[in-house]
Amino acid sequence: MNIRKRSHHLTLTTIAATALLGFASAAFAAKTLVYCSEGSPEGFNPQYYTTGTTFDAVSVPMFNRLVEFETGTTNIVPGLAESYSASPDGLAYTFKLRKGVKFHSSAKFTPTRDFNADDVLFSFNRMMDPNHPFAKTQAGTTYAYFDDMDMKNIVERVEKVDPLTVRFVLKKPEAPFIANMAMDFASILSAEYAEKMKAAGNVETFDREPIGTGPFSFVSYQKDAVVRYKANDHYWGGRPKIDNLVFAITTDASVRYAKLKAGECHVMAFPKPADVALMKNDPAINLISQQGLNVGYIAFNVEKKPFDNKLVRQALNMAVNKKAILDAVFQGAGQPAKNPIPPTLWSYNDKVADYPYDAAKAKALLAQAGYPNGTEVELWYLPVTRPYNPDGKRMAELIQADWEKIGVKAKLITFEWGEYRKRSKTGEQHVMMFGWSGDNGDPDNFFVPLLGCSAVKGGGNVSRWCHKDFEDLVQKAKTVTKQAERAALYEKAQVIAHEEAPWIPIAHSVRFDPVRKEVIGYKMDATAHHYFDKVDLADKK
Amino acid sequence: MFTFLLKRLGLVLPTFLGITILVFSLIRLLPGDPVEALSGERGMTPERYQRLLHEFGLDRPLAVQYGEYVWKALHGDLGLSTITHEPVFHEFIARFPATIELSVCAMLLALLIGLPAGIIAAVKRNTVWDYSVMGASLTGFSMPIFWWGLLLILMFSVWLGWTPVSGRIAIEYDIAPVTGFMLIDSLLASDTGAFKSALSHLILPSIALGTIPLAVIARMTRSSMLEVLREDYVRTARAKGASTVRVIGIHALRNALIPVVTTAGLQVGTLLAGAILTETIFSWPGIGKWLVEAIGRRDYPAVQGGILLSATTIIVVNLVVDMLYGVINPRIRHT
């Protein structure tokens, strides 16, 4: 066996080059991009799941939504709908559908018609109506993300106006609705495919062998190993430049990096923070970075003493040296936070001035609040690495040292991750480290689930802070459809959140996508998905 | 022989019961549950939590859950994975051949190198040969698989570029699974390139996984050989003028093999345990990697079913090993 020769191929990235070495079959005289993904998709129906890993493998390459996020931003752009309009009262959204969009074909299914309103009705009705014939095609599945985004309480019904027009009638004015429609769970499935598979008696095929309208169509999946796609020649957005897309499932981040170096993949997911410095100097790799749509924060449980006192919360804000945390924990791959939302999000209020790092002033505030000799607190820290916080323990130790300087003794506590989240919802926490990654680029998606009054009961609001003025503003912002008006409301809400200080916003992390030099036109996505429809591969000589 | 088999099978039943109880309770002792594992940073309303718990059947008393689990398992139904919603048995069977393929290769490597090394160490006792073999095997035995695997990747795949980093086969080969064994499937597809690729992908993980069994086998062979070499019949064989090769290869080795076979059989457990780490590092799509994921996400049915089926494999292999004694040494007869 000629191992040396084999590995040679692996470092060659274009199949044309592979063919020169006399290796490739005819089908492979094409451009194949290999992406080292971090895990296996849970399944192939985008409506059932909530993880980015599954979305990367399913909804991103193979499906479309009525509206979509422009790659790299959270701007809403047309998808399967060419345009949409909201009624003046904000209670109805009408979508004009794109004409001539073709669903994929497979060995088991050839579409007889183009995409139309029936597909939209089918996709949403099966999630909304438990009595829909396709509401439950597989045991144990739920429409988790649809439920999570509270769509049941937002959408009243979906109407077919004509074959290329649909209208969503809402139960209440809900401006973030349109951002929800760009999310993965809102992918449009083929009604015809579902009917045909049901008639043929293998309705599971509908979920397992996806048919979408997206830039790539499904070829095969070998469990835990490889997912294969091929370019959709009829893609309405223009055929992808690469011919084949392969996901090589590689769970260990160090091994993904090794594969990238060895040329076994072109793009890798989620590098280890510790490897980032090495990647920067690697001549074979372009390290692309983007501000994450996230926030890492420390939440005070305002239901507990001494955090019921605003002055204490402000004092503890002032006592924390954020710059030191960013250097030590984020190693520069982050930016200090002062608001609950990241600066990449519209309505970010840059006029809010962060609390200065000032131990003396903090101590004075603490005395004014009635704690001249300091106090003792319990600080819960994250037991796992999260996108918004690479090292919870290290961060907790730094904060502990900072607070010590103003006489506040922090006891560090943590639990197993599932337990940590479970307990956070009970309200037993004192001060707790947490964070959030945005779902859809609507500011509402930060303010309401993290600081809204209803989220105190739901458990997402771990500071259990329910402030009337703040709540009124963020609720009002839901009912206004003009973005400028909404932004003004959110800007005011940020001033209140700053003044009341239910959190210490710590940082917004920077994400990295390492790609090999021969990859052309790769753009990072704002919601941490990985898009390959516009990517090309250079011939490597 | 038949009564022996019956006796052994009689022991298997309580073993299985013990395993089910152990796995069932241990996984539930871990903090968190499958529903909690689904929720992430987002709060889940208590109503939805309860509804999902009910859907997974986890809101019933533990005894009822256990009873139902055992009853269904006896009927071959191991339940549905809470992550993929597919039958656990299918999930297991789809991945098991990959683990067997890797384990068999690792075991072959361990035997092919471990046996001769042990024999050499015993014959050349207290020489530099002996010390090297014993030193190397002690090092191999103490090597953490995770670290060893990454080291192998960095050395042979990244620096030298001799072997692929990870996976089962180069991505240009799309071999449809027939038997599930990549080496066999690529041959069935009569694609020599694919076969070579599959073989090259097996080298590093086999070394990583085979190192500990290799060390154990080498050491066991050495000590067993040393004992046998002291026996009278070996001296007699030498005295009657039999060649060294014959004395060692036929007279001594055959008798020395019994404990080695026992050890090798017990290594099946080590292999399956080691597969968990090896598969994770080498992105090997076997049951080890699958189980790690299942534990992390509290996929109770997958963990229970996966461990039960793995345990079955270990029990069966050890039973076969027990039967093999009689083949190697006709003096041992099971009655």
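Scroll up to find the structure this text is about.
Because the structure is a prediction, the values reported are computed rather than measured.

Chemist: Talk me through the overall build of chain B; I want residue IDs and the actual numbers.
Modeler: Tallying secondary structure elements over chain B gives 13 helices and zero strands in all. When the elements of chain B are put in sequence order from the N terminus, they spell out α-α-α-α-α-α-α-α-α-α-α-α-α. Each of the three principal axes of chain B carries a C-alpha extent, and together these read 85 × 55 × 40 Å. Across the 335 residues of chain B, 52% fall into the buried class. For chain B, the share of sequence-separated contacts (at least 6 apart) that also reach a separation of at least 24 residues comes to 74%. Looking at chain B as shown, the accessible area adds up to about 15,800 Å², and 72% of this sits on carbon and sulfur atoms. Seen as two clouds, the 26 positive and the 23 negative side-chain charges of chain B have centres 15 Å apart.

Chemist: With reference to specific residues and values, describe the interface of chain B and chain A.
Modeler: The interface is formed by 60 residues belonging to chain B together with 62 residues belonging to chain A. Here chain B and chain A share an interface that buries about 5,000 Å² over both sides, 52% of which is from carbon and sulfur atoms. Ranking the residues of chain B by area buried against chain A places Glu41(B), Arg42(B) and Ile171(B) at the top, with a combined share of 17%. Inspection of the chain B/chain A interface yields ten salt bridges.

Chemist: Mind laying out helix α9 (residues 192–229) of chain B, listing which residues take part and the relevant values?
Modeler: Three- or four-residue spacings in an α-helix give side chains the same orientation, since the helix completes a turn every 3.6 residues. Residue and element names in this part refer to chain B. Between its first and last C-alpha atoms α9 spans 45 Å; for 38 residues at 1.5 Å apiece the expected length is 56 Å, and the helix comes up short by more than 12%. Maximum bend of α9: about 45°, positioned at glycine 210, with proline proline 213 one to four residues after it. For α9, a buried count of 28 out of 38 residues is recorded, marking the element as mostly surrounded by other parts of the structure. Where α9 starts, the residue carrying a side-chain oxygen 3.2 Å from the main-chain nitrogen of glycine 193 turns out to be aspartate 191.

Chemist: Please set out the nonpolar core residue by residue, giving values where relevant.
Modeler: Residues and elements named next belong to chain A. Residues Leu66, Phe95, Phe124, Phe168, Phe177 and Phe532 are the most contacted members of the largest nonpolar core, which totals 74 residues. It is helix α5 (residues 117–128) that provides the largest number of residues to this core, a total of seven residues. Among all residues touching phenylalanine 95, those that are not within four sequence positions of it are Leu66, Val67, Ala81, Ser83, Tyr84, Leu164, Thr165, Val166, Phe168, Phe177, Ile178 and Met181. Counting residues in each nonpolar core, the second largest holds 73 residues, with Val312, Ile399, Ile406 and Ile504 among its members.

Rules used throughout
Residues numbered from 1 in each chain as written. Chains lettered and ligands numbered in written order. Predicted model: local features only at pLDDT ≥ 70, side-chain atom pairs only at ≥ 80, totals over all residues. Heavy atoms only, no water. Helix = DSSP H or I, 4+ residues; strand = E, 2+ residues; numbered from the N terminus. Buried < 20%, exposed > 50% of the residue type's maximum accessible area, 1.4 Å probe, protein only. Contact = heavy atoms within 4.5 Å. Areas by Shrake-Rupley, 256 points an atom, 1.4 Å probe, with all protein chains shown as cover. Lys, Arg positive; Asp, Glu negative; His and termini not counted. Charge placed at Lys NZ, Arg CZ, Asp CG, Glu CD. Buried area = accessible area lost by both parts, 1.4 Å probe. Salt bridge = Lys/Arg side-chain N within 4 Å of Asp/Glu carboxyl O. Expected span 1.5 Å × (residues − 1). Bend = angle between axes of the 7 residues up to and from the residue. Polar contact = N/O pair within 3.5 Å; in protein donor to acceptor, adjacent residues only side chain to side chain. Core = buried A, V, L, I, M, F, W, Y, C linked by side-chain atoms within 4.5 Å.

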